[in-house]
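Residue strings, one per chain:
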Amino acid sequence: MSDSTAIAHGEHEAEAHEAHPAFLRHHFENVEQQADAAGFAMWLFLLTEVMFFGGLFTAYLIYRNWYYPAFVSASHQLSIPLGAFNTLLLITSSFTMAMGVWCAETRKKSGLVLCLVLTFILGLGFLGIKTIEYSEKIEKHHVPGFHYNLSSFLDPDSDAAARAAGDKPLPLDMARHTEVYFSLYFAMTGMHALHMIIGIAILAYMIYRAQAGAYTAGHVTFVENFGLYWHFVDIIWIFLFPLLYLISRHS
Amino acid sequence: MTDQKEMEAASHHVVSPMIYVVILIALLVGTALTVGASYINLGIFNPIIALAIACTKAILVVLFFMHVKYSSKLTKLTVFCGIFTFLTLIGMTLADYISRAWGQW
């Protein structure tokens, strides 16, 4: 019995070896199992990212309840048109990335390169607008630290954005808590932007490799898993935008 | 061997571009709605509506852009477990903060 199974196994291996594609690693049964394992691992990584950003979101929710007037006044300093335009850029980049995965799966090389380049440009556009927003905060001394300036919150009439939102002057102790809002704002958008920068660097590498036809010969795992990462970064922004920019507009 | 190859090809679902276009439009409409809703004073419902729209958009991205709708049961279970654990952690943390000073206000 053991002889016959050994022979059968040997035959199976010989057959499998000559037939399998070059990118199939030997510790996997078949291409499907390899792709499933890679996708599973990518999702486990993304779940650690969910927990990481989740901690920041939880901190934001709790501090917003504690220092509500400070969070309302501080959020009025953000520009909704800029945030909305950035949401538009990021959602479109998610779409071009999804189309890129489709191009890789259907083996369209020039389509894949085009989609990756568009995703790259849209990602850079997002970071460009983020830079404009950050520079506004730096100019107004709304970056937490020694040079933090409370005048927008103690005397709202001196600040165009605060005046437009109809802010009431905050007492000094509450005004000081706007620094907590901006700490969380820079931590959350900054970590998000760092993820974007890493993504854009990987995109540049993928554009280079895609031009050589790397992902359009049947092995799409890298593009697919990068797509998962890019969509995850999009989802974080989908929650950051309403929580930071929108929900306190009328409070 | 050919049977197995056909099986592999069939099990890897390629999502059609039409679905991506529909999801893109849904996401853009959702963004317009959430921005529009923020300009109307709805009191307590402003954050509730904003978060409901954000959750809907996130679910669309996960199901279609991230292919979870067409993925294996293992992937579906992994995603569900992760989100469930996250919601449990955030729920218990917030419950603690809400109930810490219970009856002392």
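Each value, and the rule that gives it
Residues numbered from 1 in each chain as written. Chains lettered and ligands numbered in written order. Predicted model: local features only at pLDDT ≥ 70, side-chain atom pairs only at ≥ 80, totals over all residues. Helix = DSSP H or I, 4+ residues; strand = E, 2+ residues; numbered from the N terminus. Buried ≥ 20, exposed ≤ 12 C-beta atoms within 10 Å, placed from the backbone. Rg over C-alpha atoms; globule rule 2.2 N^0.38 Å. Contact = placed C-beta atoms within 7 Å. Axes fitted to C-alpha atoms, helices over the stretch in contact; angles between N-to-C directions. Parallel < 35°, antiparallel > 145°, perpendicular 65-115°, else oblique. Left-handed = near helix turned anticlockwise from the far one by under 90°. Nonpolar A, V, L, I, M, F, W, Y, C, P; charged D, E, K, R; others polar. Core = buried A, V, L, I, M, F, W, Y, C linked by C-beta atoms within 7 Å. Expected span 1.5 Å × (residues − 1). pLDDT = per-residue confidence, 0-100.

J.: I keep staring at the overall build of chain B and nothing clicks. Help me out?
T.: Broken down by element type, chain B carries 4 helices and 0 strands. Mapped from its N terminus to its C terminus, chain B presents α and β elements in the order α-α-α-α. Relative to its 105 residues, chain B shows a buried fraction of 20%.

J.: Teacher, can you tell me more about the overall build of chain A here?
T.: Counting secondary structure elements, chain A contains 10 helices and 0 strands. Beginning at the N terminus, the succession of helices and strands in chain A can be written as α-α-α-α-α-α-α-α-α-α. Over its C-alpha trace chain A gives a radius of gyration of 25 Å, far above what one expects of a compact globule, namely 18 Å for 251 residues. Dimensions along the principal axes, computed over C-alpha positions, put chain A at roughly 85 × 40 × 30 Å. Burial statistics for chain A: of 251 residues in total, 38% are counted as buried. Within chain A, residue pairs in contact and separated by at least 24 positions form 77% of the contacts whose partners lie at least 6 positions apart.

J.: I'm lost on the packing of helix H2 (residues 31-66) of chain A against helix H9 (residues 178-211) of chain A in this one. Help?
T.: Geometrically, a packed helix pair is captured by the angle between its two axes and the distance between the axes. Residues and elements named next belong to chain A. H9 packs onto H2 with a crossing angle of 165° between their chain directions and a minimal axis gap of 11 Å. In terms of their interaxial angle, H2 and H9 are classed as roughly antiparallel. You can see that H2 and H9 cross each other, and the crossing is left-handed. Residue-level inspection shows Leu56, Ala59, Tyr60 and Tyr63 of H2 in contact with H9, the latter providing Val180, Leu184, Ala187 and Met188. Counted by class, the contact of H2 with H9 contains 8 nonpolar, no polar and no charged residues.

J.: Please explain the interface of chain B and chain A as it appears in this structure.
T.: Interface size is commonly expressed as the accessible surface area that is lost when the partners come together. Taken together, the 39 residues of chain B in the interface contact 41 residues of chain A. Contributing elements (two or more residues each) for the side of chain B that touches chain A: helix H1 (2-11), helix H2 (17-38), helix H3 (45-65) and helix H4 (73-99) of chain B. Of the residues contributing to the side of chain B that touches chain A, the split by class is 23 nonpolar, 14 polar and 2 charged.

J.: Explain the nonpolar core to me, please; I cannot follow it from the model alone.
T.: In globular proteins that are soluble, nonpolar side chains generally tend to be buried together. By size, the foremost hydrophobic cluster in this structure holds 73 residues, and its most contacted members are Ala98(A), Leu112(A), Leu116(A), Ile236(A), Phe239(A) and Leu240(A). Secondary structure elements with two or more residues in this core: H2, helix H3 (68-75), helix H4 (80-105), helix H5 (109-139), H9 and helix H10 (221-246) of chain A together with H2 and H3 of chain B. For this core, the element with the highest residue contribution is H10(A), accounting for 17 residues. Dropping the residues within four chain positions of it, Ala98(A) is found in contact with Gly227(A), Tyr20(B) and Phe65(B).

J.: In this structure, what is going on with the packing of H3(A) against H9(A)? I would like to understand it.
T.: Residue and element names in this part refer to chain A. One way to put it is that H3 packs onto H9 with a least axis distance of 8 Å and a crossing angle of 60°. Considering the angle they form, H3 stands oblique to H9. The handedness of the crossing between H3 and H9 is right-handed. Side by side, H3 and H9 meet where Ala70, Phe71, Ser73, Ala74 and Ser75 of the first sit next to Thr178, Val180, Tyr181 and Phe182 of the second.

J.: Just to check I follow, could you spell out H5(A) for this structure?
T.: One full turn of an α-helix is made of 3.6 residues, so residues set three or four places apart face in the same direction. Residue and element names in this part refer to chain A. Along its 31 residues, H5 runs 45 Å from first to last C-alpha, staying within 8% of the 45 Å computed at 1.5 Å per residue. Of the positions making up H5, those classed as buried are Leu112, Val113, Cys115, Leu116, Thr119, Phe120, Leu122, Gly123 and Phe126. Each element contacted by the buried residues of H5 is listed here: H4 and H9. The first or second residue beyond H5 is His141, which carries a positive phi of 55°.

J.: Explain the confidence of the model for chain B to me, please; I cannot follow it from the model alone.
T.: The predicted coordinates of low-pLDDT regions are not to be read in fine detail. Residue and element names in this part refer to chain B. On average, residues of chain B score 87 in pLDDT, and 88% of them reach the 70 mark or higher. Least confident of the elements in chain B is H1, whose mean pLDDT is 46; most confident is H2, at 96. Considering only residues more than four positions removed or in separate chains, one finds that residues 1-10, a stretch of pLDDT under 50, has 6 contacts. Across the interfaces of the predicted complex, the ipTM metric reaches 0.87, alongside a pTM of 0.89.

J.: Can you help me understand unusual backbone geometry in this one?
T.: Trans is the prevailing form of peptide bonds, just as negative phi is the prevailing case for residues other than glycine. A positive phi angle, close to 55°, is found at His141(A), a residue other than glycine. Its location among the elements puts His141(A) in the loop between H5 and helix H6 (151-154). Phi angles above zero are rare outside glycine, and His67(B) is one such case at about 65°. Among the structural elements, His67(B) can be located in the loop between H3 and H4. The buried category is assigned to His67(B), around which 21 C-beta atoms lie within 10 Å.

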